[in-house]
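The residues making up each chain are set out below.
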Amino acid sequence: MKKLKNKNCLITGAASGIGRSLAIGLAREGMNLFISDIDMERLENVKKELEQIGVKVFIGKCDVSKYEDFVELAKEFHSRLGEIDLLINNAGIGGGGFVEDISLEEWKHILDINLWGVIHSIKVFLPRMLERGSGHIVNTGSAAGIIGLSCHLQYVASKFAVVGISEGLYSELNIRGINVSVICPTGVKSNIIDKSTIEFPSSIVIEEINDINGKSDDFKRTFWKNYMEKTKGSTPEDVAKKYIKGIKKNKLFIFDKRTLPIAMLIKGISKKLYRKLLRKVGKEYLALIEEKLSELGIKYKKILN
């Protein structure tokens, strides 16, 4: 989609982080915007920012885990802006923890939002795109949809699925006039961290903790802070520029760091090297978890030798 000016775009999860930055960047390109989220207070603030740029902007509440919310959102979008040119399925939440500590409810919660949110959106908006034979679908995946990161399995499952769906959609829809892209963020400093549900590593803790909720909050906060420092996390504003550039070039995969294409290459040419990469990543996560538990003065069973 080389020309964005006066085209119509919908963005889910636009109240903050990557979604907000994409909305601002696309507004500067002259797009008409319909932005949605569940946080209407923040969404109103984003709307005010976009209106100052001088574009048409409308807002709507949408819980992406609910199909009926998308049905209503689509009715509102089409009544306000007409046909959709760019559909950005960005809404998502993070999650982490040792696999044995992740509850079934947590698995379902992550998949309902990160995976079913994309499925619901496609089911609702795609038919009219197919009728026109044009449009561009952009799904927000993750580095965790390219590399099987440890201690994030519920999140990894959702993002591998989003990446796979995007590839399949590209194969099926590109020859029918509809382009597809998948954004793969790597360590972006957005509020997905605040909304993430990293599980406290109770399976390796060997003492009774009275204030488990307080300790869990402390662990989550310090873990993510150090994680972003170690991965040299980028700001949403910086990566949004790269993503918009990739959208304009009709790229299938849109990355913000070169490490991911390299990881894909390693996976393709050497299974042995890729296994080493996975073990290295796993050790780094475990080391960070043990470091945070030590800082909080919590006794735990050492896993790393």
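Everything below is about the structure shown above.
Residue positions are given per chain, counting from 1 as you read along its sequence in written order. Local features are withheld for residues below a pLDDT of 70 in this predicted model, meaning they are given only at 70 or higher, and side-chain atom pairs are given and counted only at 80 or more; totals for whole chains, interfaces and linings count all residues. Each side-chain value is worked out from all heavy atoms of the structure, with water and hydrogens disregarded.

**Q** Just to check I follow, could you spell out the pattern of salt bridges for this structure?
**A** Two side chains bearing opposite charge may form a pair once their charged atoms approach each other closely. Every case where a carboxyl oxygen of Asp or Glu lies within 4 Å of a side-chain nitrogen of Lys or Arg is listed as a salt bridge. Under the defined criterion, the tally for this structure stands at 16 salt bridges. The partner of Arg-42 in a salt bridge is Asp-39, with the nearest N and O atoms 3.9 Å apart. Across the pair Glu-83 and Arg-128 runs a salt bridge, and its minimum N-O distance is 2.6 Å. Note that Glu-83 is positioned in the loop between helix 3 (67-81) and strand 4 (86-89) and Arg-128 in helix 5 (residues 116-132), a separation of 45 residues in sequence. With a relative accessible area of 33%, Arg-128 lands in the partly exposed category. Connected through salt bridges with shared partners, the residues Arg-20, Glu-49 and Glu-237 form a single ionic network. Starting at the N terminus, helices and strands are each numbered in turn, a helix being any DSSP run of H or I of at least four residues and a strand any DSSP run of E of at least two. Each residue gets one of three labels from its accessible area relative to the maximum for its type: buried under 20%, exposed over 50%, partly exposed in between, using a 1.4 Å probe on protein chains only.

**Q** Could you clarify how one ought to interpret the environment of Lys-276 in this entry?
**A** Following the sequence through the fold, Lys-276 ends up in helix 11 (residues 271-295). Judged by relative accessible area, which is 51%, Lys-276 ranks as exposed. A C-alpha to C-alpha distance of 33 Å links Lys-276 and Lys-245, two positions 31 residues apart in sequence.

**Q** I would appreciate a short explanation of the side chain of Asp-101 in the present structure.
**A** Along the chain, Asp-101 falls in the loop between strand 5 (95-96) and helix 4 (104-114). Among buried charged residues, Asp-101 stands out as having no salt bridge; its nearest opposite-charge side chain is Lys-301, 10 Å away. In contact with Asp-101, not counting residues within four places along its chain, are Glu-199, Phe-200, Pro-201, Ser-202 and Ser-203. In summary, the charge assignment counts Lys and Arg as positive and Asp and Glu as negative, without counting His or the chain termini. Only heavy atoms matter for contacts: two residues are in contact if any of them lie within 4.5 Å across the pair.

**Q** Sorry if this is basic, but what is going on with the packing of aromatic side chains here?
**A** Both the distance between ring centres and the angle between the ring planes are used here to describe each pair of aromatic rings. Two rings from Phe, Tyr or Trp (for Trp, the six-membered ring) form a pair when their centres sit within 6.5 Å of each other. Planes less than 30 degrees apart are called stacked, planes more than 60 degrees apart edge-to-face, and all others tilted. Here the structure, examined in full by the defined rule, presents 4 aromatic pairs. Site record: aromatic cluster; members linked through ring pairs are Phe-34, Phe-58, Phe-77 and Phe-125.

**Q** Would you explain the side chain of Asn-32 in this entry?
**A** Note on placement: Asn-32 falls in strand 2 (residues 32-37). Among residues more than four places away in sequence, those in contact with Asn-32 are Asn-6, Lys-7, Asn-8, Cys-9, Lys-56 and Leu-81.

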